[in-house]
Every structure is written in structure tokens, then in C-alpha cells.
Amino acid sequence: MTASASPIGTVRARPLDAASAWLRRNAWTIGLVGFLAFLLVFTKVIQPRYGVAGIQGLAISVLPLALAAVAQAIVVIAGGIDLSIGSMMALTNVVAASLMKGQSDEFAVVVVIGVLLLGLVVGAVNGMLVVVTRVPDIVVTLAMSFVWAGCALLVLKTPGGAAAPWLKGLVLGSLGNEWIPKAAVALILITFVVWLPVRRSGAGLALYAVGSSPLAAFRSGVSVGRTKIFAYTLTGLFAAVAGLSLTASTGVGTPVPGPYTLQSVAAVVLGGVSLAGGRGGVFGPIVAVVILSLIRTDMTFLNLNTNLATVAQGVILIAVVMVGTLIQIRRNRA
Amino acid sequence: MTETMDTATARRSWQTATGWRNLFRDRPIIPLIALLGVLVVVSELVRPGVVSTQWAGVMIRAAIPLSILAACQTLAMLTGGIDLSVGAVASMSGFVVATFVSSPGGWPLGIAVALVAAILAGLLTGIGVGVFRVHPLIMTLGMSFVVLGLANVWQLLRVQTGTGTPEELRWLGSATFLEVLPHSLLVFVPVAVLILLGLRRTGYGRLLYAIGDNPIAARLSGARGWQVLIVLYVISAVLAAFAGFLYSGLTNVASVSLVDSAVLPSVAAAVIGGTSIMGGRGGYGGTIVGALILTVISSLLSSLGYTEAVRQVLFGSIIVVVAAAYTRVTAES
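A quick note: this is a predicted structure, and the numbers were derived from the prediction, not measured. (Residues numbered from 1 in each chain as written. Chains lettered and ligands numbered in written order. Predicted model: local features only at pLDDT ≥ 70, side-chain atom pairs only at ≥ 80, totals over all residues.)

Draft legend 1. Summary view of the overall build of chain A. The helix and strand inventory of chain A stands at 15 helices and zero strands. Its C-alpha radius of gyration of 21 Å places chain A within 12% of the 20 Å reference for a compact globule of 334 residues. By its C-alpha atoms, chain A is 75 × 55 × 40 Å across when sized along the principal axes. For chain A, contacts bridging at least 24 residues in sequence account for 80% of all contacts bridging at least 6. (Helix = DSSP H or I, 4+ residues; strand = E, 2+ residues; numbered from the N terminus. Rg over C-alpha atoms; globule rule 2.2 N^0.38 Å. Contact = placed C-beta atoms within 7 Å.)

Set out below in C-alpha cells:
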């Protein structure tokens, strides 16, 4: 009796095993969080005045890129890549800013909902084009980056528009304790409210399955095309949220895409998401964005040339991927 | 009877369809040149008298630096890679030359320094991709951050010495012979001939296709992939540097981000020209025509009075449509 029950019994009886498996699975993210903690301490040591204002500024400045990184992470997990995220952000940013100008707070709520829907539609278009044309993801989304950037310019030729005060209030300032910036709360809340249910559901499992092996996923009865469209749609939604965060934090709409697309690819890779798909999560990329921003701040505190921060970002990116590949090669040999 | 006739007609129409398909697949340059011809005719129709030898000269002059940048993409894409560092390397090269104008060595020293820097960047990229197997997208993206950052540092170091694009580069990049032939052909023709012949006639060219088509088969047949890739990314960086010289001569601007906006169009030119981003399929002839097509479309749309916005939307749509057509005809072979 005991022998036959043991396979299930052991799993149930040892929560430690589950904990260690969880640790192993999230080793990279945990390492990143540890490094972030170290960096925060380091920052405080080299600049004792770094405090509430610094944390506030950090949270607001990383918000758009962190959301872009979440958007990129989702599609990369599903085995794709979206080079139009920067353009989608520009589009949603200008649509929100131009519609909100001179309107009431109630109307702004409608605008926000509309912009989120726009993000879903724009993302779905990307996904459908990828699935229907069978052109490599990178080419389709590259081409669509022109299209969405062009649409953004059609909406607004020069920077303009305005943001509703309550939208600004969502990300500026702090919540309760002055050490908890609203921007950080908004980021974590939005990400987890949308991503966690997806990840727990069958659709989330399908995302990972399609990303790690489309053929195996297909043979296990997953609709590969539909899953990819779903991934791109979700990416579009997060790009729209990122665009709204730009509207909220800058107070205007800027029709020219920022450097978010390529930066988001870098952040995703640093955050432990494999470009080959099927591996990683959305929390790692967020931490990676914060770390990169903090490194830049530290370099100013150390009176180093901030341009060296760009160099450091490139070197870190290459080094991390290089080490990762070497480990992978060694593991495959063993 | 009617049934057999139906099958016969069906077969005939199917055969003509496959005929077109085969043409598009095997010689994509012919439909591409036809498309270019149509665009030229449309340009003439919407604005009678606009097409002239001078107009052709202006188009060619604008397409040449883009074609050279697209050469980097074509070569990298043949091996299944992509080179996103061309923008940073090209901008850096043009900028470095400008900073040497008023120093003792003058612009020749500047060109030498820029080329050495570009080769170094290409070498590191090649080692990363070839030896350490870093994904080309990530490697070249990281390298572009490194090059941009270092170029900015250089800018701060040299800011006192006065910068301006040297006379000689402006002559090469923007002047034309008899108002028709741009001087940049002096750079472009040898480069294009070398690449076209190199891809078709040399063992190295075949190796690029082999690695892109099936890296494992290439390795088992004795090809040393890492050597091929290192040489590839060095060539790509040198070509990008040439393109940077021409861009700074053409625009008379020296800036560390001058060429950034041309990176995505350079990928687009290679894709439209029939080079597959999955590797092993394509060539440089199509890429040149692709760059010309993109240039003529831009000029056509601006002559129609369309804004930059509409131009970008059409640009993107054309890339999707052309790439979809290629995928369709090549998938069924």
C-alpha cells in the first residue's frame, strides 16, 4: 500500500521539494532582485542623499520601458518578437493625449478604455498578419512599426494634447507611505492583474508550449495560430498601457516612437526570457529595466560619463547572453 | 468530355500560375525591375516632366548609401542573421572623420581611424556570433549600444576641435558628374561588383549560403562556421563605415545618430529584394533594386504632397505584401 501510494505521496509530503523547484525555476529572477537590492545599497553608500525623491524619480522614469518590456516578454515567450512596440506606444500615446485635451474627467475614462481596446486591435492585427502571411515575425512587425508610427503622425503632427489630471495622479506621487511610489504600484498591479490569470490558465500554458516547440504544441492539440494571435494581442494591450503611461508621465502626446522597441528586447533578454521562446516570465524583465536605469543613475553619482552607461548596457547584454549560451552548450554536451 | 476540357483548362491555368511563381521565385529581380519601371512611369504620370536624367541622378544618389547598408543586411541575412549595428557603426564612422578635419592628420587619418574602429566592432560582433553563439539580433543590438556610447564619449572629448564634414566627403557623397552621375558611384560600383561576384563565384560566397541554409550540414561538410561569421561581420562593419562616409557627405551632417533612421529601411530593402531572413536564399542584385524601389516610392509620395505619415504607412504595407508574396511562392517549392 505505502509503496503504491508513494509517487503521489512523496510530492504531497515534501513541500521543501516544491519550494526548491520553485527556487530553481526562478533562480535568474531571484538573482536579479538580489542584484537590485545590492545596487540600491550601493547607491545609498555613494550618494547618502539618495532617498524618497530618488525612488520616486526612478519609478516614474522606468514605468514606460518596464511596461514595454512586459509586452515584449509575452510575445517572446510565445516564440515571436515584436519590433513595433515603440510605434504602438507612440500611437496609443498620441491618441490618448489628443482626445483628452480640454475634455472632462469622465470623458477621459472613456478615452482610456478606448485606447486599451485600440491596443488590443493593433496587437491582433500584428498577430493575424504573422499567422496568415507566414512571414517571419521580425519582418512583419518591423514593417508594421512603420505603419503604426505613420498612424501616430496622422493623429498628431507635432507633440501636443494633454493628459487628464486623474491619469497623471495615478502615476505621480506616492501611496500612503512616501517610500511607495504610485508608479511602482501601478506597474505591479496592472502587470499582475492581467498576466497572472493568463499564466494560470490554459491559454498561458499554450503560450509557453507554442514558444518552446510549435510542432509539439500542435500535436498536443494546441491551436498554434490562435495562440500566437493571442500573444500579439496581449502584447498590444501592454503596449497601449505603456503608451498611456507615457501620456500620464509626460502630460503630452509625442508622435515619434522613443527608443523603447530595441530597449525592450534588451530588457527581456536580461530578464531571463529566452529569445528562442518558451522560457522566462514578466517579472524578470521589469527588474532588469530598473537595474539598467539605476546603473545609469549611479554613473552620474560617480561623476562618470553617462554615455559609458550606454556602453555598459551593451556589454552587460552581450556578456549575459554569452554566459547563458555557454551554460546551455555545456549542459547539452553533458 | 466537358469534364476533360475543364481539367485541361484548369491544368493550363495552373501551369501559367506556376510559371509566374517559378519566375518570381528563381529570378525575383525581373518582377522587381518591372515594379520599379511601373513606379517610374507613375512618377511621370502624376507629375509630367519630372522624370529626367537629373531626376535619375538624384534617385541613384539617394539610393546608393541605402544599398550599401542593405548589403550588410543581405550578407548577414544569407547566414540567417541580421546586423542591427550598421546604423551605429555608420554614424560613428562619418562622425569620426568629421572630428579629424582640423587636426594634423586631416580627413585621411580620420577615415583610417574610423575604419579601424569599424573593423574592431565587426570583429567583436563576429566573435560573439561565431564563437560564443550569441543570437545575431542581440549581439548586434548590444554592439550598437557600445558603439553609440563610445561615439558619444568621443564627441565630448573632441568637442573643442570644431567639426564639419570634410570637403572631400561632400564631393564624394553629394556632387554629381555633369549633373547626372553621382560621384558616390565611384564607391558603389566596385563594392557592388565585388559583392555580386563574391556571392556567385567565390567559395566564401557559397559558404554564406550553405551556413544559412543548413548550418549542421555545412559543418559536417567541413565548413568552419565561426570563421565565416567573423569575416562576414567584419565585412559588414566596413561596408557600414563606407555607407556612413557617404551619408555624412550627402547630408553634410556629422552626428552620432545620423544613420539610425536608415537601419530599418536597410532591412526592408533586403527583404523586398528577395533575401530571406531565415537564411540561404537571396542575393545582392535584388537588394539594389529594392533600395531603388524604396527611394522612388519615397520621392513619389512626397511629390504627391503626401505627408511623412502616409509615406510610412504605405512603406510598411508594401513590405508586408512583398514579403508575404515571397513566402507564398517559396513555401510551395
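Having put the structure on the table, let's press on.
Draft legend 2. Broad picture of the overall build of chain B. Secondary structure assignment for chain B yields 14 helices and two strands. For chain B, restricting intrachain contacts to residue pairs at least 6 apart in sequence, the fraction spanning at least 24 positions comes to 76%.

Draft legend 3. A look at the environment of Arg200 of chain B. Mapping Arg200 of chain B onto the fold places it in helix α8 (residues 185–201). Separated by 84 residues in sequence, Arg200 of chain B and Tyr284 of chain B have C-alpha atoms that sit 10.0 Å apart.

Draft legend 4. Here's a closer look at the interface of chain B and chain A. The partner chain A presents 39 residues to the 39 residues of chain B that form the contact. Sorting the residues of the side of chain B that touches chain A by element identifies α6 (136–157), α12 (263–272) and α14 (308–331) of chain B as the ones contributing at least two each. Considering only residue class, the side of chain B that touches chain A consists of 27 nonpolar, 10 polar and two charged. (Nonpolar A, V, L, I, M, F, W, Y, C, P; charged D, E, K, R; others polar.)

Draft legend 5. Structural context of the nonpolar core. By size, the foremost hydrophobic cluster in this structure holds 203 residues, and its most contacted members are Ile74 of chain A together with Val89 and Ala240 of chain B. The greatest single-element share of this core, amounting to 17 residues, is contributed by helix α4 (residues 52–77) of chain A. When sequence neighbours within four positions are dropped, the list of residues in contact with Ala240 of chain B reads Leu69, Cys72, Val86, Val89, Ala90 and Ala118 of chain B. (Core = buried A, V, L, I, M, F, W, Y, C linked by C-beta atoms within 7 Å. Buried ≥ 20, exposed ≤ 12 C-beta atoms within 10 Å, placed from the backbone.)

Draft legend 6. Seen up close, the packing of helix α7 (residues 167–174) of chain B against helix α11 (residues 225–251) of chain B. Residue and element names in this part refer to chain B. Put simply, α7 and α11 touch, their axes get as near as 7 Å, and they point 90 degrees apart. Taken together, α7 and α11 sit at an angle that is classed as roughly perpendicular. Mapping the contact onto sequence places Leu169, Arg170, Leu172, Gly173 and Ser174 in α7 and Phe245, Leu246, Ser248, Gly249 and Leu250 in α11. In the contact of α7 with α11, the residues fall into five nonpolar, four polar and one charged. (Axes fitted to C-alpha atoms, helices over the stretch in contact; angles between N-to-C directions. Parallel < 35°, antiparallel > 145°, perpendicular 65-115°, else oblique.)

Draft legend 7. Summary view of the packing of helix α10 (residues 202–212) of chain A against helix α12 (residues 224–250) of chain A. All names here are of chain A. Contact geometry of α10 with α12 gives a least axis separation of 10 Å together with a crossing angle of 105 degrees. Between α10 and α12, the interaxial angle falls into the category roughly perpendicular. Residues Ala203, Ala206, Leu207 and Val210 of α10 form the contact with α12, whose own contacting residues are Val224, Thr227, Lys228, Phe230 and Ala231. In terms of residue class, the contact of α10 with α12 is built from seven nonpolar, one polar and one charged.

Draft legend 8. Highlighting unusual backbone geometry. Not every positive phi belongs to a glycine, and Arg134 of chain A is a case in point at roughly 60 degrees. Here Arg134 of chain A falls in the partly exposed class, since 14 other C-beta atoms lie within 10 Å of it. Residues other than glycine seldom take positive phi values, yet Arg133 of chain B does so here, at roughly 55 degrees. Positionally, Arg133 of chain B belongs in the loop between α5 (106–130) and α6.

Draft legend 9. Inspection of the confidence of the model for chain B at higher detail. All names here are of chain B. Mean pLDDT over chain B stands at 85; residues scoring 70 or higher make up 92%. Across chain B, the element-wise mean pLDDT spans from 61 in helix α1 (residues 2–26) up to 93 in α11. Predicted complex metrics record ipTM = 0.80 and pTM = 0.83. (pLDDT = per-residue confidence, 0-100.)

Draft legend 10. Inspection of the confidence of the model for chain A at higher detail. Of the residues in chain A, 96% have a pLDDT of 70 or more, and the chain-wide mean is 86. Note on residues 1–11 of chain A: pLDDT is under 50 here. Beyond four places in sequence and across chains, it has zero contacts.

Draft legend 11. Structural view of helix α6 (residues 105–133) of chain A. Residue and element names in this part refer to chain A. Taking 1.5 Å per residue as the helical rise, α6 with its 29 residues ought to reach 42 Å, and the 42 Å between its terminal C-alpha atoms agrees with that figure. For α6, every residue scored as buried is listed here: Val111, Val112, Val115, Gly119, Val122, Gly123, Asn126, Gly127, Leu129 and Val130. After α6 finishes, the residue Arg134 shows a positive phi value of roughly 60 degrees. (Expected span 1.5 Å × (residues − 1).)

Draft legend 12. Region of interest: the environment of Gly305 of chain B. As for its position among the elements, Gly305 of chain B is in the loop between α13 (284–303) and α14. Exposure remark for Gly305 of chain B: the 8 C-beta atoms within 10 Å place this residue in the exposed category.

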